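Chain and residue survey
Each chain, letter by letter, is given below.
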Amino acid sequence: MKPAPFEYVAAQSVNDAINALQKYGPDSRILAGGQSLLQEMNMRQVRPSFIVDINGIKDLDYIRQSSEGLAIGALTRHRTVERSELVKQHCPILRNAAENIAHFQVRNRGTIGGSLVQNAPGAEFGVTALLLDAQMVVVGPQGERIVPASSFFVSHFTTVLKPNEMLTEIRFPTLTKDTGYSFIEVTRRHGHIPIVSVAAILTLDHNETITDVRVALGNVSPEGIPYRAKAAEQLRGLKFSDEALEKLAKDIKDEVNPDVEADTNAAFVKQFSNIKGRRVSEIASSEYRKEAAGNLSSKAVKHAYEQIKGGM
Amino acid sequence: MEETKAGLGVSMKRKEDPRFLTGYGRYTDDIEMNGMLHLAILRSPHAHARIVSIDTSKAKQLPGVAAILTGEESLKYTGKLATTIDIFNKVPEVYPIAHKKVRFVGEPVVIVAATDRYIAEDAVDLIEIEYDVLPSVVTIEDAVKPTALLYEEWGDNVQQDWKSNIGDVEAAFANSAHIFEETITHSRYTGTPIESRVCIADYNPGSKKMTVTCSTQAPHQIRTLIAQTLQIPEHTIRVIAPDIGGGYGSKLQADAEVIACIMSRMLGRPVKWTEDRVENMLSGMQSRDYSCTVKIGLDKDYIITGMQVKLLANIGMDGTCHGPGTPALLVAGVYFPGAYKIPVYDVEVLGVVTNKGPYGAHRGYGKDIASYPVERMMDIMAQKLGISPIELRMRNFIKKDEYPYQNIAGPIYDSGDYEQLMKIALEKADYDRLKEKQIELRKQGIYMGVGISAMLEPSGAAVFNGIFNGFQAATVRMTPEGDFQILTSHQNIGQGVETTLPQVAANVLGVDIQNITYLYGDTDVTPYGLGPFSSRGATFTVSAVHEATKLLKEKLLKIAGHLLKVDPGELEMVNGSIRKTGSLSPEESISLKDLGNRIHLWPGPYGTLPEGLDVNLECTYTWTSPSARWEPDEYGRVNLYTTHPTGVFIAVVEVDIKTGQVRIEKFVCSHDCGTIINPMIVDGQIEGGIAHGIGGALMENLEYNESGSLVNLDFQSYLCPTAMEVPVIESHHLQSPSPFTPLGTKGMGEGGTIPSPAAITNALEDALAPFNVRVKDLPLTPERVLGWIKQGERAYAKV
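Here the structure is a predicted model, which is why all the values come from computation and not from measurement.

Glancing now at the side chain of Glu82(A). Residues and elements named next belong to chain A. For Glu82, the location among the structural elements is in helix α3 (residues 78–83). Looking at Glu82, the relative accessible area reads 10%, which means it is buried. Apart from the residues lying within four places of it in its own chain, the contact partners of Glu82 are Arg95, Ala98, Glu99 and Arg107.

This brings us to the environment of Ala697(B). Residues and elements named next belong to chain B. With respect to the secondary-structure elements, Ala697 resides in helix α18 (residues 679–699). For the pair formed by Ala697 and Ile760, sequence separation is 63 residues and the distance between their alpha carbons is 7.0 Å. In this structure, Ala697 is in contact with Pro757, Ile760, Leu778, Pro779 and Leu780, ignoring residues within four places of it in sequence.

Turning our attention to unusual backbone geometry. Excluding glycine, a negative phi dihedral is what most residues carry, and trans is how most peptide bonds are arranged. All names here are of chain B. Of the consecutive residues Lys145 and Pro146, the connecting peptide bond is found in the cis state with omega at -20°. Note on placement: Pro146 falls in the loop between α5 (140–144) and β7 (158–166). For the bond from Tyr403 to Pro404, the omega torsion is -10°, close enough to zero to count as cis. Mapped onto the fold, Pro404 is located in the loop between α12 (389–396) and β16 (405–406). The phi torsion at Asp430 lies on the positive side, around 55°, for a residue other than glycine. Locating Asp430 in the fold gives a position in the loop between α13 (418–429) and α14 (431–443). Here Asp430 falls in the partly exposed class, since its relative accessible area comes to 44%. For Asn772, which is not glycine, the phi dihedral falls at a positive 55°. If you trace the backbone, Asn772 turns up in the loop between α19 (756–767) and α20 (782–798). Overall, Asn772 belongs to the exposed group, its relative accessible area being 70%.

Moving on to the UniProt feature "domain: Aldehyde oxidase/xanthine dehydrogenase a/b hammerhead" (unreviewed entry) in chain B. Mapped onto the present numbering, the UniProt feature "domain: Aldehyde oxidase/xanthine dehydrogenase a/b hammerhead" (unreviewed entry) falls at residues 22–135 of chain B. Taken end to end, residues 22–135 of chain B is 16% helix and 31% strand, and its first and last C-alpha atoms sit 51 Å apart.

In this section: the layout of surface pockets. Within this model, the second largest pocket holds a volume of roughly 1000 Å³. If you go around the second largest pocket, you meet 37 residues; those closest to its centre are Thr187(A), Asp656(B), Gln661(B), Val662(B) and Arg663(B). Considered class by class, the residues forming the lining of the second largest pocket number 16 nonpolar, 11 polar and 10 charged.

Listed by partner, the interface residues are 33 residues for chain A and 40 residues for chain B. Interface of chain A and chain B: buried area, both sides summed, is about 3200 Å²; carbon and sulfur atoms make up 56% of it. Between Glu121(B) and Arg44(A) there is a salt bridge whose closest N-O contact spans 3.8 Å. Among the residues making up the side of chain A that touches chain B, the classes are represented as 14 nonpolar, 10 polar and nine charged.

Its place among the elements puts Ser74(B) in helix α3 (residues 71–74). Reaching out from Ser74(B), the side chain makes a polar contact with the backbone oxygen of Gly71(B) at a distance of 2.6 Å.

With that settled, consider the sheet that holds strand β28 (residues 646–655) of chain B. Residue and element names in this part refer to chain B. Spatially, β18-β28-β29-β30 is the arrangement adopted by the four strands of the open sheet, whose pairing is mixed. The two strands at the open ends of the sheet, each matched to only one other strand, are β18 (447–456) and β30 (728–734). When strand polarity is set aside, the average angle formed by the axes of neighbouring strands in this sheet is 15°. Across seven bridges, strand β29 (residues 662–672) lies against β30 in parallel orientation. By the bridge assignment for β30, Asp672 is matched with Leu734. Strand contacts of α13: β18, β28, β29 and β30, with the helix running at about 30° to β28, the strand carrying the most contacts.

All names here are of chain B. For the coordinates displayed, the defined rule picks out seven cavities of 30 Å³ or more. Counted as a void, the largest cavity has a volume near 110 Å³. Tyr335, Gly338, Ala339, Ser371 and Leu456 are the residues nearest the centre of the largest cavity, which is lined by 14 residues in total. Those elements that place two or more of their residues in the lining of the largest cavity are α11 (367–385) and β18. When residues in the lining of the largest cavity are grouped by element, the largest group, five residues, is from α11.

Here we take up the pairing of strand β3 (residues 65–70) of chain B. Residues and elements named next belong to chain B. Burial within β3 is extensive, with five of its six residues counted as buried. Where β3 and strand β5 (residues 108–114) come together, five bridges link them in antiparallel fashion. Counterpart to Leu69 in the pairing with β5 is Ile111.

When the parts of a complex come together, some accessible area is lost, and that lost area is often used as the size of the interface. Residue and element names in this part refer to chain A. Annotation of chain A at the domain level lists domain 1 (7–172) and domain 2 (180–310). Relative to domain 2, the C-alpha centre of domain 1 lies at a distance of 23 Å. Residue-level contacts link 29 residues of domain 1 with 35 residues of domain 2. If you look at where domain 1 meets domain 2, you find two salt bridges. Between Arg214 and Asp133 there is a salt bridge, and its shortest N-O distance comes to 3.7 Å. Linking domain 1 with domain 2 are seven residue pairs in polar contact (both at pLDDT 80 or more).

What follows deals with the sheet that holds strand β25 (residues 589–591) of chain B. Residue and element names in this part refer to chain B. Strand order across the open sheet formed by three strands is β23-β24-β25, with antiparallel pairing between neighbours. Whereas interior strands pair on both sides, the edge strands pair on one side only; in this sheet they are β23 (571–574) and β25. In this sheet, adjacent strand axes meet at a mean angle of 20° when their direction is disregarded. Pairing of strand β24 (residues 577–580) with β25, which is carried by three bridges, proceeds in the antiparallel orientation. Within β25, the position partnered with Ser577 by the bridge is Ser591. Along the sheet, helix α16 (residues 537–564) contacts β23, β24 and β25; its crossing angle with β23, the most-contacted strand, is approximately 115°. Against the sheet, helix α17 (residues 592–600) makes contact with β23, β24 and β25, and its axis sits at roughly 75° relative to β25, the strand it touches most.

What describes a pair of aromatic rings is the distance from one ring centre to the other and the angle between the planes of the rings. Within the structure shown, the criterion is met by 15 aromatic pairs over all chains. Ring geometry for Tyr151(B) and Trp154(B): centres 4.6 Å apart, planes at 35°, overall tilted. Counting every residue linked through ring pairs, the aromatic cluster contains Tyr335(B), Tyr405(B), Tyr413(B) and Tyr641(B). Directly above the ring of Tyr62(A) sits Arg64(A), whose terminal nitrogen or CZ lies 3.7 Å from the centroid. Over the face of the ring belonging to Phe20(B) we find Arg19(B), whose NZ or CZ atom lies 4.7 Å from the ring centre.

All names here are of chain B. Under the domain assignment used here, chain B contains domain 1 (17–24 + 471–624), domain 2 (31–134 + 193–247 + 251–283) and domain 3 (286–462 + 632–798). Relative placement of domain 1 and domain 3: their C-alpha centres are 40 Å apart. At the interface, 18 residues of domain 1 touch 24 residues of domain 3. Summed over both sides, the interface of domain 1 with domain 3 buries roughly 1500 Å², with 61% coming from carbon and sulfur. Contact with domain 3 buries area across many residues of domain 1, yet Ser534, Ser535 and Thr539 alone supply 33% of it, more than any other trio. The interface formed by domain 1 and domain 3 holds zero salt bridges in total. Linking domain 1 with domain 3 are nine residue pairs in polar contact (both at pLDDT 80 or more). Per-element tally for the side of domain 1 that touches domain 3: the top contributor is α16, with seven residues.

Criteria and cut-off values
Residues numbered from 1 in each chain as written. Chains lettered and ligands numbered in written order. Predicted model: local features only at pLDDT ≥ 70, side-chain atom pairs only at ≥ 80, totals over all residues. Heavy atoms only, no water. Helix = DSSP H or I, 4+ residues; strand = E, 2+ residues; numbered from the N terminus. Buried < 20%, exposed > 50% of the residue type's maximum accessible area, 1.4 Å probe, protein only. Contact = heavy atoms within 4.5 Å. UniProt positions renumbered as here; feature names shortened; annotations may be inferred. 1 Å grid on protein atoms, 1.4 Å probe; cavity = no way out; pocket = protein on both sides within 12 Å on 5 of 7 lines; lining within 4 Å. Points joined across faces, edges and corners; volume = space filled by probe spheres on them. Nonpolar A, V, L, I, M, F, W, Y, C, P; charged D, E, K, R; others polar. Buried area = accessible area lost by both parts, 1.4 Å probe. Salt bridge = Lys/Arg side-chain N within 4 Å of Asp/Glu carboxyl O. Polar contact = N/O pair within 3.5 Å; in protein donor to acceptor, adjacent residues only side chain to side chain. Pairing = 2+ DSSP bridges. Axes fitted to C-alpha atoms, helices over the stretch in contact; angles between N-to-C directions. Domains from an automatic or database assignment. Phe/Tyr/Trp six-rings, centres within 6.5 Å; stacked < 30°, edge-to-face > 60°. Lys NZ or Arg CZ within 6 Å of the ring centre and 35° of its normal.

Structural data, given as structure tokens:
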């Protein structure tokens, strides 16, 4: 379990990194937290010839308040997001999302930018970014471009990033104080890769009429990217009720269309077996994921509701 | 519990833990030697194929590569793999490195030795092999059909085929008021020691001696098997086993370890092979994977009239040479009667070979196979009859006054009291309250269930024809400074023997356990003997240490009596001294240090020792079982296990009926392993065992696809329970001493694993009783559970 030979480049700035990516081309990979990449390399599932280590770019590790919300540097560790006061104040759902990422050892190293670019199906920050219409700041040889979350993810383990580009910042809007929110998952084990992940936000007026509701899900789309449920938006203007939740569960179940052959569409080949597989444990049948997507979504919206009522 | 310095029944903190907990443990992979090479193994990507050609030319040119060896070339240095065990089974001709044909994904095909593991793996990538792929045999059905033959010379794929019947089962069923039959299956899983297998072989061409340092449970058996496989004299081999990061039965054979020996023999240099997790999942020892049809008759009072069992097991490519797994099926075959009185018994065991990885031992060794189907069956019968599963068990339990009890299939149970264990478990779990709470919770949409399983843990095997033959030698010595060393072959694999064996000796000698060191893990140091398996420590090794210590004590008392001029019969050993019983006079007492010094130094032996005693303060005792019987009786029955711990385990689970997720809330168990040496260690063993059972019930499963590839090769896809999935575990103890061991102790450690899958599964069915859920397959994944709930809902909707 040792990686194939590779060249190692330590980038000290975003410019350094972009230059290195330009020089080495598609055969290079950025090393951020390394929590997915190094495993894949050790098992020789991927064999990049050049590793561009961005851990030395200290000014990509930040959480700042901006006029629209929060700006988070791509190299910010999950644990930093989880523990940030600013996140707690302005976009607390990110904290819940972070808490669901693996175990603390992984969260200490893994980065938000790395997770988004890796785009593993179900990954927590991708789902939350789509839920909140986050904006991705992407830098390449031609300079900076802003990509909305809705067009950032392309397919299993693939984003719009070109081989010579890198993600530098993610911008999240502020959640208003009266917004209820929730992030939950079905996993086979505590902290394990989600079979289905769900993020939801909810706002009500004083008559309990739903003014805004959004649900985003992971690991339920045919392309293997985060998915925003249309059925949720149909609740707008309705009174919050258990019946509405039941309908939501049913509608989302009917709406989502999980990839049936998730494993055959995946990006890498497992060693020693001729299976094109990602992680077998999170693969549950399309039917199960539909069912779980519906039930989990209504549960998440209900949590969000209880949170508003609990004044949290 | 209060800590004292000596004696049995005391929860002394483990002597080995400071070393482990502060990072001073020393494992095989920590050891580096001058000039050492590192191995990487090219493994078969095919489940079943002929090797057509191997081209190593490119790999040989890679700088840093020292040698490359194919299976065919290896025949210069090795014979076929030695047989670990051979009981009513076929023994295949298999080699450490595949030869002509591969029989499972992951089988070693070519070995590379290089200056480091990176280069060795790079070289593996450069080797080109042409295979002629054959149809693969994956399932039991494939094997029986057969889709192909693994060993053409056999003519079929059957490795084990055994039948036994006592009494007329058909007549018994004809006279029964109720008959039930179910087919119960269990998935394939493995021990997953956190330290995988590691081996450093160091062949010295000058002395022609081979030193093998490896992570093994059984240094002496490994030595013998290496000698037989490599066909070299056993006295020239030394096996050293340093600290071991877990074994659970999976490290009892010389399998891949032989490969390191072959390479070192060829190169005359030390070589190291460290198994990575993928290699361990593919080729480490696998277990379970069976389908068991149980038929039980009951009379009108629900007393069992007869039992018929057909066990079909998927062994994988071999369970006799690569690993000692096959006889586990026979153990199951004689232990299906379990905790119950079975008047008529009929059993058939069929073990087939397939293109899955090798079959070995794994915490349970067939006792788990005997337990799960029958303990499931008890609940299924109770459900169908509408009676309490407790009542059904109570009516059929072996009674306390019936011990020693002969199970109809031969085993002799030493002692126990199931009725009392059941009472304790129910009371401690607050069973009645739980069942009331279950009803209340269902009204709130919360589905909680309680499941029971009786436990029988045959421990301390003495099995003929192989490495599990059942004896143990122990040496106890006093040093000239008056402290002690215990030497046996019983490896420390985390079970606490560096503490418990000194406790046993301290109890005899009246000294502090800190003055006793336990020595093990070196075949040049300890007497020849067996390792820890079959929960045999507290049956065999404890008894051997106890008896050897008694011999030494007797000798010391004679010498002290001579010096103190007191009859040895009037002496006692207390607090590191020998004195006239009860005396406080310094003239009637001698410290062990003083005694040792006098014998060895001041003045030395002449005149110090009484007539007829030698100077060697070292006594050895070899303990064998008084109850093992290998001579078959008229029904062909034998008795292989000496002691039989018992228990009743209760699992409480909660199921999310929207997602099918199962959470284990709590385990309460009553447990009886006879005389307890260290209660804290006993509780720890039960907890660890239950964790293994939880893994098997909820998540662990070696999944092979239809072409015979293992699809979950790492800990991201093969899930083991973590501390988060293991609930609070309460253990309560009875102590029914074994009449067959000197201290009444019984081996233990597998008892948590054996009953817990049935307890969990029974609890799940209890939780989901409103949906009439019947568990089909393990593990209980959310998807499966939700599927069963949906099925139940649909059936309900029809009514």
